[in-house]
Amino acid sequence: MESLQELTLLRAKINEIASSLDRIIARMRQENGTDAAPRSGGDAYESVYPLVQTPAAFFKGKKPTSITLSGNRRKIVRTWKQVAVELLKDCIQDSRRKAQILALRGVAGGRNRSFIAATDENMRSPEKIDDYIYLECHYDTETLLHVILERILAHTDYDCSPVTISLANL
């Protein structure tokens, strides 16, 4: 059995190797132009990606840790459903955009259900955004992001360009 001192030294070496790898990954991302910036976030190490400049397929299978909205307002999220909800809640802060979202209820939709509706009736996985605004969230990551960005927010003047998503580096 190894001593506490040996385990402490081993842990220090592992941390040193991990830090070196993090620097190499960050440099490679910069060189490849992914515009990702690693950042320490509490216990987890995360990378930050712009929402609109990163293909939705890239986010599939990854775990979000936070969303940063315009004005550097950071919200902690753990699921893509929470990302979608935070985006819509931010969008409807402006009364004009809220009216645009209200006009989409029952109109924007897929084959069997609306993406956004006045009630949660006929929704498989609804999330309440505000009074009389429910979002259908029963989609995979890529589809949910497509619905939010292309089918809902594209019909408003909401600017998604400053929005970034932080992902856990697993």
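Residues numbered from 1 in each chain as written. Predicted model: local features only at pLDDT ≥ 70, side-chain atom pairs only at ≥ 80, totals over all residues. Heavy atoms only, no water.

Topic: the side chain of Thr65
Rules: Counting from the N terminus, the helices are DSSP H or I runs at least four residues long and the strands are E runs at least two residues long. Burial classes follow relative accessibility: with a 1.4 Å probe on protein chains only, a residue under 20% of its type's maximum area counts as buried, one over 50% as exposed, and anything between as partly exposed. For this analysis, a polar contact is any N or O atom pair within 3.5 Å, provided that within protein one partner can donate a hydrogen and the other can accept it, and provided that sequence-adjacent residues contribute only side-chain to side-chain pairs.
Looking at where Thr65 falls in the secondary structure, it is placed in strand E3 (residues 64–69). You can call Thr65 buried: its relative accessible area is 9%. At 2.5 Å, the side chain of Thr65 and the side chain of Glu46 are in polar contact.

Quick word on the packing of helix H3 (residues 80–91) against helix H5 (residues 141–152)
Put simply, the rule is: Under this scheme, a helix contributes an axis fitted over its contacting stretch, all axes are lines through C-alpha atoms, and angles between N-to-C directions fall in the 0 to 180 degree range. Put simply, angles under 35 degrees are roughly parallel, angles over 145 are roughly antiparallel, angles from 65 to 115 are roughly perpendicular, and the rest are oblique. Contacts are assigned to residue pairs that have any heavy atoms within 4.5 Å of one another. Classification convention: Asp, Glu, Lys, Arg as charged; Ala, Val, Leu, Ile, Met, Phe, Trp, Tyr, Cys, Pro as nonpolar; all other residues, Gly among them, as polar.
With their axes 10 Å apart at the nearest point, H3 and H5 run at an angle of 10° to one another. Here H5 runs roughly parallel to H3, going by the angle between their axes. Facing H3, whose interface residues are Trp80, Lys81, Ala84, Leu87 and Leu88, H5 presents Thr141, Leu144, Leu145, Ile148 and Ile152. Here the residues of the contact of H3 with H5 sort into 8 nonpolar, 1 polar and 1 charged.

Concerning the nonpolar core
Here is the rule we go by: We call a set of buried Ala, Val, Leu, Ile, Met, Phe, Trp, Tyr and Cys residues a nonpolar core when their side-chain atoms join them within 4.5 Å.
Of all hydrophobic cores here, the largest spans 34 residues; its most connected members are Leu87, Leu88, Ile101, Ile148, Ile152 and Leu153. Among the elements of the structure, E3, H3, helix H4 (95–104), strand E7 (133–136), H5 and strand E8 (164–168) are those that each provide at least two residues to this core. Top element by residues in this core is H3. It accounts for 7 residues.

A look at H5
Keep this limit in mind: For a helix, the expected span equals 1.5 Å multiplied by the number of residues minus one.
In a regular helix each residue adds 1.5 Å, so 12 residues correspond to 16 Å; H5 covers 16 Å between its end C-alpha atoms and thus fits that length. Within the span of H5, buried status applies to Thr141, Leu144, Leu145, Val147, Ile148, Leu149 and Ile152. The backbone nitrogen of Glu142 has a side-chain oxygen 3.2 Å away, supplied by the residue at the start of H5, namely Asp140.

Some remarks on the pairing of E7
As a reminder, the rule being used: At least two bridges found by DSSP between two strands are what make those strands a pair.
Side chains Ile133 and Leu135 project from E7 onto one buried face, and the interleaved Tyr134 and Glu136 project onto a second face that is buried too. Where strand E5 (residues 116–117) meets E7, 2 bridges bridge the pair, whose relative direction is antiparallel. In the strand pairing of E7, Ile116 is matched with Leu135. In terms of strand pairing, strand E6 (residues 126–130) meets E7 through 4 bridges, oriented antiparallel. Across the sheet, Asp130 pairs through a bridge with Ile133, a residue of E7.

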